[in-house]
Every structure is written in structure tokens, then in C-alpha cells.
Amino acid sequence: MNVEFVTAGFPLITLSIIIPVIAAAVLFIVKEELAKPISIITSAIVFLITTYMLFAYDYTSYKIQFYEKYTWIPQFGVSYEVGVDALSLTMVWLTALAFLVSFIWSTNIQKRIKEYFISFLILEAACIGVFVSWDLVWFYIFWEAMLIPMFLIIGIWGYAERIYAATKFFIYTFFGSLFLLIGVIGMYIYQYFNKEILSTSYFDLVNLNLPFNLEIIFFLLLALGFAIKVPMWPFHTWLPAAHVQAPTAGSVILAAVLLKMGTYGFIRFSLPWFPEASKYFVPVMFTLGVIAIIYTAMMALSQTHIKRIIAYSSVSHMGFVTIGTFALNMEGMNGAIITMISHGFTSAALFLAAGYIYDRVHSYELNDLGGLAKFMPVFATLFMISAMASAGLPGLSGFVGEFLALVGTFKASVLTGVLAGISLIVGAGYTLWLYHKSMFKESLLTPEKIHRWEKLKDMNGVELTSFVPLVVMMFVLGIYPAWWIKLIETTSAAILSKIIGG
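Here's a quick rundown of the structure.

The rules behind each value
Residues numbered from 1 in each chain as written. Predicted model: local features only at pLDDT ≥ 70, side-chain atom pairs only at ≥ 80, totals over all residues. Heavy atoms only, no water. Buried < 20%, exposed > 50% of the residue type's maximum accessible area, 1.4 Å probe, protein only. Helix = DSSP H or I, 4+ residues; strand = E, 2+ residues; numbered from the N terminus. Pairing = 2+ DSSP bridges. Phe/Tyr/Trp six-rings, centres within 6.5 Å; stacked < 30°, edge-to-face > 60°. Salt bridge = Lys/Arg side-chain N within 4 Å of Asp/Glu carboxyl O. Patch = residues over 30% accessible without salt bridge, like charges linked within 9 Å, V, L, I, M, F, W, Y side chains within 5 Å. Areas by Shrake-Rupley, 256 points an atom, 1.4 Å probe, with all protein chains shown as cover.

Some remarks on the pairing of strand 3 (residues 78-84)
Moving on, step 1. Counting buried residues in strand 3 gives seven out of seven residues, a clear majority hidden from the surface.
Moving on, step 2. Across the two faces of strand 3 the burial is the same, with V78, Y80, V82 and V84 and S79, E81 and G83 all buried.
Moving on, step 3. Of the pairings in the sheet, the one linking strand 2 (residues 63-73) to strand 3 comprises six bridges and is antiparallel in character. Its bridge partner lying in strand 3, Q65 is registered against V84.

Okay, here's the thing in C-alpha cells:
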């Protein structure tokens, strides 16, 4: 895999990682009332840096841009090596946006404020590090580092069963990480004995040309770690529990950022590292993807807890990313990446909506709601747009990615495409049911509810500032997807070239 590197004139990527860490250290020594503004300003700076990178990125050819490399442990071939292609950059930008939205939303946090924002700042640095690292040691350090703050966020600021949910999240993801580590170490050792090279650089490992049997073994080891993070069926059971118990901002980051790391891993590592194994396992990945799409969509239909419905819908949407990725063609790959971006917008907005409802009504149960649109019309409008984007309404972001993923899937397997396409009806069903029952079903209204809800206030400035950017991006991506497709298509082509060449 021949790659051109464009060295950074200024270490923007390193800054985007270090700034949140420095801010977290500062929070230890400042007064508690400064924690919120410092965190918001920090996340805004990181967002501006990543936005600049997004528009400065040259998408006309495949290059690793804003590249930095510094030797760290030369005797073992370990370096600090960071940079971005379009896949990395879109994920970093989405991460920065999701954290900025979460910090703004979290201004109402009253419990252990400094610790809360410190946890999120460390988590932001780790998440960005995962997407920009090209050295496997640093990638794994960041991959593991994000488990601790998310464990604390769920376990300390979550709801009644938060300890159970946090523990389950940690055990599942740490278990998967061990297999990922074994796979990477195995490749590192194979490289040494066959090429007499000690290097943990992605660009050395991608050119190993492994024997088929070893490709199969290493593919399975890494796939297990990535599948749990996605999460794919049947490894998805940790996600609903984590979402239900996590605070609102925690759910936003889980859905918008952490779930993308698994699908990012498949695209970044599994396909170019193991091209023949990737082709071999296409039927398996299609089967798991379709089961995830259909089964979790049906599970969503059977729930009455808002966050649980959204959690199951996330697993279903990630199924489209899986089948688009393993369609192994341009339409599918572009669709998978755009679905990842879109799901970041829609899932973040839907979890913000769930948190908004809970803050007003103090319940996530649909049977406790009904008719809220009459009392909160601005919120109802933004919630409706987010729900329609999630359901794949044309003109909004959800349609673009899933349409492309389905086109790519049909080219690879008509049966898989048909099954996944039919499931869109179920997805629209649970989304409309959720919205109708919470916002319009006035039969659930009682005189006591009406008396209470007449006093409810519509969205305030902080809530609008969090919510509106996500809705705007749903329209931007939905109405003008051409720019985004141009941005990612050279990266998609470079990744697929390894499959075609293999």
C-alpha cells in the first residue's frame, strides 16, 4: 500500500488531543464553578481545529494529511505517528461536534461537577486519539484509555442500575480488546520472523501479505474486538443497559462516537490487512448485519422505554454500516461511512431529546407521556426532524447513507439487499410509533397530566444551542451529499484497492 504523506506545518492533531488533557489537569486546581465554562471553551477550540482541518483537507487524491511522526521506543519500532485520511478526519470532526454538544447540554450537572467534566475531557482526547493513530501501540493505548472515563460516567452519574450497566460495558469491551491485542501482537511477531522488521506502524503491517490461514486467524481476533464495540449481534446486549443507565451526555457520546470505533476498525484494519479473509467472511458478515438490522428493529418495537428504543435502533443502523462495508464496492463503502456520520447526528439528537423529556417529565416511559407537542412545539418540531432523519426520510442525512449502503449491498447480494431493505419499514414503524406516542397521543393525557404539563417550558437557549447544530447538519448532509461523497471517495477507493489487489 503506497501512501503519500503530507507533513503538518503545525501539529493540529496533537493539539486536538493535548488541549482536552491540559484542560482536565487545570480543572483539578480551579474552582468548581469554572469547570463548565473551561470545558465548553476547550471543546469549542477542538471543534474549530477539526473544522479547519475538514475544509483544508485535499480530497483530490489519497494522502495521509496533517501527518506527524516522532520516534518513541526505537528498539521496538514504536513511534508517535498520527495523521488523517478522509475516514479518520470525518470521525474526528464528528467526535469534536458530539463533545461540544454534550458539554453545552451538561451545564445543568450538579453532582461532582469537576470530576464529571474531567472524565469527559479525558474521554474526548482518547476518542480523537483512536481515529488519528497510525502506530498500533498508540492506537491501543487510546482504545483502552477511553474505557475508564466512560465507565466512570455511567457508574457515577447514571441512574439506578448504573453500577451493573457500567460493569457490563467494561467487561464486554475489555474482553474484546484482549483479542484485538493478541491479534496485533501476533502480526508484530510474524513481521519480525518473516521480514526481520520491528515496527508497530500501520503502513508496515498493511504490507505483510499474510498466508490465507493466518489471515483467517487474525481477522477473527480483530473482528471480535471490533464486533463488540459496534456492537454487532449477538454481542450487543451491553449497549441497551449502558444507554438506559448513562446520563444524557454519556448516551450521546456512546451512540455518536464510541459505536463508530468498531465499524471504523473493520474499514481501517480488517479490509486492507486481511483482504482474502474479508472476502471469505462476506456471507458471515452479511448474515450478522441483516440479523442486527431486523432483530434489533423488532426489539425496538417491543420497548416502552425511550432510551432503550433508541439504543436498539442504533444497533440496527450499525447493521447497515456492516453490510455496506462488506459489500466491498464503492457504493457500499461510501454508504457505510456516510451512515456513520449521519447516525452520529441523529442518535445524538434523539438521546438529547430523551434527556429533554426526562428533565421535564421525569420519566422515560412512553405510557407516562402523550400529547407533549401541544405544550412544547419547538421541541416537538426538532424532535420530529431528528426522528425522520433517523427513519431515512429523503432530504435528510439518514436517507443518503442507507440508500448508498443498500445499492452497494444489492450489487453484492440481492437477497441481503432485499432483507435489509424490507427492514427499513420496521425502522420507520418504531420511529413513528415512538414519536406519535410521546408527542401526539392525547388519549394518554389525564387532567392531572394536563395541569402539570401546562407549566412546562419549551426549549431554552442552552438546549437549543445543543440541539440545533445537529439538526442543521442533518439537512446539510441530506440536501447536499455530493461534497461529503467527494471528500471520502478517494479514501474508499484506496481501502478497496487492497481488496481488489488481494
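Next, the rest of the story.
Examining the packing of aromatic side chains
Moving on, step 1. Applying the stated criterion across every chain, the model contains 49 aromatic pairs.
Moving on, step 2. Their ring planes at 90° and their centres at 6.2 Å tell us that W93 and F345 sit as a pair that is edge-to-face. Taken together, the residues span a long stretch of sequence, with W93 in helix 3 (residues 86-105) and F345 in helix 15 (residues 330-361) at a distance of 252 residues. The same class applies to W93 as to F345, namely buried.

Here we look at the pattern of salt bridges
Moving on, step 1. Following the criterion strictly, the structure yields five salt bridges and no others.
Moving on, step 2. The shortest N-O distance in the salt bridge between K279 and E276 comes to 3.4 Å. Within this pair, K279 and its partner E276 are both found in helix 12 (residues 275-280), separated by three residues, close to a single helical turn.
Moving on, step 3. Residue K279 is classed as partly exposed on the basis of its relative accessible area of 34%.
Moving on, step 4. Looking at E276, the relative accessible area reads 27%, which means it is partly exposed.

Side note on a nonpolar patch on the surface
Moving on, step 1. A surface patch of nonpolar side chains, about 490 Å² in accessible area, is lined by I185, I189, Y192, F193 and L198.
Moving on, step 2. Residue placement: L198 occurs in the loop between helix 7 (162-195) and helix 8 (202-205).
Moving on, step 3. For L198, a relative accessible area of 33% translates into the label partly exposed.

These results come straight from atomic positions and should not be treated as a statement about function.
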